[in-house]
Amino acid sequence: MILPINTYSDQVLRRKTKPLKGADEQLEELIGNMFESMRNADGIGLAAPQVGASLRLLVVDISIAEGYEKASPMVVINPHILAVKGFVSMNEGCLSIPDVRGDVVRPSSIQIKYRDEHFEEHTAEFNDLTARVLQHEVDHLDGTLFVDRMQRRNRRKIQKELDAITRGEVRTSYPIATQTLDCEVK
Ligand SMILES: [Zn+2]
């Protein structure tokens, strides 16, 4: 089932999420729906708060990105970033902030501890696009959005777009959770 995506000013995106205690059928269904919703929106990562679930859960599938066709989808539960290395600037976007992109500087590689969909624990190192997406999504679990990490000068340039999203003046190819959506608002 495709779930509507919460957008920029929705409070659920600003809440700190709750750790999961175990896997069950309900969680399995949510994970399936998150993958479906992400792929429907051509996204490469999606965090549970973006579909209104305030849980420490995210999914990643970067296989639609050029050069990453062989990357496997990932389910990441209760993640902790243990260590980071290097810094790199990359252009980011977010399904919750449609049509807005911006450069964000983040560590280039991370070591992360997390549980998979079977609740098995893993510790692994990631770099390049995978490290970038994971950090963006882990931020969502702490109520942080990529625009919060942009340089103030660049952030000012997109303020109008953010205000428009807040007013519900946004057009997307995928369903969004805002009830006040009205594309014709002037
Ligand atoms: Zn995002």
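It should be emphasised that the depicted structure is a prediction, and the values quoted were computed from it without experimental measurement. (Residues numbered from 1 in each chain as written. Predicted model: local features only at pLDDT ≥ 70, side-chain atom pairs only at ≥ 80, totals over all residues. Heavy atoms only, no water.)

### Regarding the pattern of salt bridges
Keep this limit in mind: Should a side-chain nitrogen of Lys or Arg be within 4 Å of a carboxyl oxygen of Asp or Glu, the pair is scored as a salt bridge. Counting from the N terminus, the helices are DSSP H or I runs at least four residues long and the strands are E runs at least two residues long. Relative accessibility thresholds used throughout: buried, under 20% of the residue-type maximum; exposed, over 50%; partly exposed, between the two (1.4 Å probe, protein chains only).
A complete count under the given rule lists twelve salt bridges for this structure. The closest approach of N and O atoms between arginine 56 and aspartate 142, which form a salt bridge, is 3.1 Å. Here the residue arginine 56 occupies a position in the loop between strand 1 (45-47) and strand 2 (57-60), and aspartate 142 occupies one in the loop between helix 2 (128-141) and helix 3 (152-157), the gap between them amounting to 86 residues. Relative accessible area serves as the criterion here: at 31%, aspartate 142 is assigned to the partly exposed category. Salt bridges here are not isolated pairs; linked through shared partners, they connect Glu92, Arg106, Arg132, Asp139 and Arg149.

### Side note on helix 4 (residues 159-166)
The following threshold applies: The arc refers to the directions leading from the helix axis to the C-beta atoms.
Of all the positions in helix 4, only Leu162, Ala164 and Ile165 are classed as buried. Relative to the axis of helix 4, the buried residues are bounded by an arc of 160° and lie together on one face. The first or second residue beyond helix 4 is glycine 168, which carries a positive phi of 85°.

### With respect to the sheet that holds strand 3 (residues 74-85)
This is how the line gets drawn: Between any two strands, at least two bridges found by DSSP are needed for them to pair. Only the contacting stretch of a helix is used when fitting its axis, a line to C-alpha atoms as for every element, and angles between N-to-C directions run 0 to 180 degrees. Two residues qualify as a contact provided that any one of their heavy atoms is within 4.5 Å of a heavy atom in the partner residue.
Taken together, the five strands give an open sheet; going across it, the order is 1-2-3-6-7, and neighbouring strands pair in antiparallel fashion. Every other strand in the sheet has two partners, leaving strand 1 and strand 7 (121-127) as the edge strands with one partner each. Shown here is a sheet whose adjacent strand axes are inclined to one another by a mean of 40°, direction ignored. Relative to strand 7, strand 6 (residues 109-115) is paired through seven bridges, and the arrangement is antiparallel. Bridging from a neighbouring strand, isoleucine 112 pairs with alanine 124 of strand 7. Against the sheet, helix 1 (residues 25-40) touches strand 1, strand 2 and strand 3, its axis set at about 45° to strand 2.

### Focus on the UniProt feature "binding site: Fe cation" (unreviewed entry) in the protein chain
Stated precisely, the cut-off is as follows: UniProt positions are given in the numbering used here, feature names are shortened, and annotations may be inferred rather than shown by experiment. Here a cavity denotes a set of grid points, spaced 1 Å apart and computed over the protein atoms alone, in which a 1.4 Å probe fits but from which it cannot get out, and a pocket denotes an open set meeting protein on both sides within 12 Å along at least five of seven lines; residues with an atom within 4 Å of a point are reported as lining.
With numbering aligned to this structure, UniProt lists the feature "binding site: Fe cation" (unreviewed entry) at Cys94, His136 and His140. Sequence-wise these annotated residues cover 47 residues; spatially they are packed, their C-alpha atoms never more than 10.3 Å apart. Within the annotated group just given, the residues that line the largest pocket are Cys94 and His136. Mapping cysteine 94 onto the fold places it in strand 4 (residues 88-94).

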